[in-house]
Amino acid sequence: MSDNPFHEAVEALRALGLYVEPTGEDLSLWLVNGEEMTDAGLMKLAALLGLVSGSAKIQ
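Everything numeric in this text was worked out from a predicted model, so none of it was measured.

(A) Region of interest: the pattern of salt bridges. Enumeration over the complete set of coordinates arrives at two salt bridges. Between E11 and R14 there is a salt bridge; the shortest N-O distance is 3.2 Å. Highlighted residues: E11 and R14, both in helix 1 (residues 5–15), separated by three residues, approximately one helical turn. Look at E11 and you get partly exposed, because its relative accessible area is 31%. On the basis of relative accessibility, which here comes to 31%, the residue R14 falls in the partly exposed class. Residue E21 pairs with R14 through a salt bridge whose shortest N-O separation is 3.1 Å. Take E21: its relative accessible area is 30%, and that puts it in the partly exposed class. It is possible to trace a salt-bridge network through shared partners that takes in E11, R14 and E21.

About the cut-offs
Residues numbered from 1 in each chain as written. Predicted model: local features only at pLDDT ≥ 70, side-chain atom pairs only at ≥ 80, totals over all residues. Heavy atoms only, no water. Salt bridge = Lys/Arg side-chain N within 4 Å of Asp/Glu carboxyl O. Helix = DSSP H or I, 4+ residues; strand = E, 2+ residues; numbered from the N terminus. Buried < 20%, exposed > 50% of the residue type's maximum accessible area, 1.4 Å probe, protein only.

Don't take any of this as a statement about function, it's just geometry.
Here it is in structure tokens:
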């Protein structure tokens, strides 16, 4: 596992069977099962699913 929290979140989401890829050269945007989201949204999703530690509070 990496020290990078985004890498950890991506790998955990992929382990659930989700398609997770950066949208291009902008690594702050992600495509998750056809839905575009920011890196903050990616982390929130992973936290809500209990895959990474952190706040699951939606703002």
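Having seen it, we continue.
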